[in-house]
Amino acid sequence: MSEIATRNLQLATSNQKLINFALMDISVVVPLFNEEESLPELTAWIDRVMQANNFSYEVWLIDDGSNDNSWKVITELRAKNANLKAIKFQRNYGKSPALFVGFKRVSGD
């Protein structure tokens, strides 16, 4: 899909009016395990880059059974940034299952 189509899908209706549907530009999936210290910096960096490029975005943080305060940090970050979404595994399943679950949820490229 072209950049223009990705940013703004236009569908012609039967009476030739155009309806615009906004699409998510970029989805980022981050599998993580015990990353409480790096999460604020990572999410702030992603936000800066996306804002600087005027991209709509979402970040899926997949907590792969962390036993530190990663989930608490994620909850705090989500309260400040609506672009952050999260899933918490009850135990560690590994990076591949975390990526799989995240990829199933994304709505952007």
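Just so we're clear, the structure is a prediction, and the values are computed from it rather than from any experiment.

Visitor: Outline the confidence of the model for the protein, supporting the account with residue identities and numerical values.
Guide: In the predicted model, the protein carries a mean pLDDT of 85, and the fraction of residues at 70 or more is 80%. Per-residue pLDDT stays below 50 along residues 1-21; that stretch engages in 29 contacts with residues further than four places along the chain or on separate chains.

Visitor: With reference to specific residues and values, describe the sheet that holds strand 4 (residues 57-63).
Guide: Spatially, 3-4-5 is the arrangement adopted by the 3 strands of the open sheet, whose pairing is parallel. Each edge of the open sheet is held by one strand with a lone partner, namely strand 3 (26-32) and strand 5 (84-88). The average angle at which neighbouring strand axes cross in this sheet is 15 degrees, direction not considered. Bridging between strand 3 and strand 4 involves 7 bridges; their strand directions are parallel. Note that in strand 4 the partner of Ser 27 across the bridge is Glu 58. Strands strand 3, strand 4 and strand 5 of the sheet are contacted by helix 2 (residues 39-52), whose axis makes an angle of about 165 degrees with strand 4.

Procedures and definitions
- Each chain carries its own residue numbering, running from 1 in the direction its sequence is written.
- In keeping with the predicted nature of the model, local features appear solely for residues at pLDDT of at least 70, side-chain atom pairs appear and are counted solely at 80 or more, and the whole-chain, interface and lining totals rest on all residues.
- To obtain the side-chain values, all non-hydrogen atoms of the structure were used and water was disregarded.
- Confidence scores here are pLDDT values: one per residue, from the predictor, ranging 0 to 100.
- Throughout, a residue-residue contact means that at least one pair of heavy atoms, one from each residue, lies within 4.5 Å.
- Between any two strands, at least two bridges found by DSSP are needed for them to pair.
- Each helix is a run of H or I in the DSSP string that is no shorter than four residues. Each strand is a run of E no shorter than two, and both are numbered from the N terminus.
- Helix axes are fitted to C-alpha atoms over the stretch in contact, other axes to C-alpha atoms as well, and angles between N-to-C directions run from 0 to 180 degrees.

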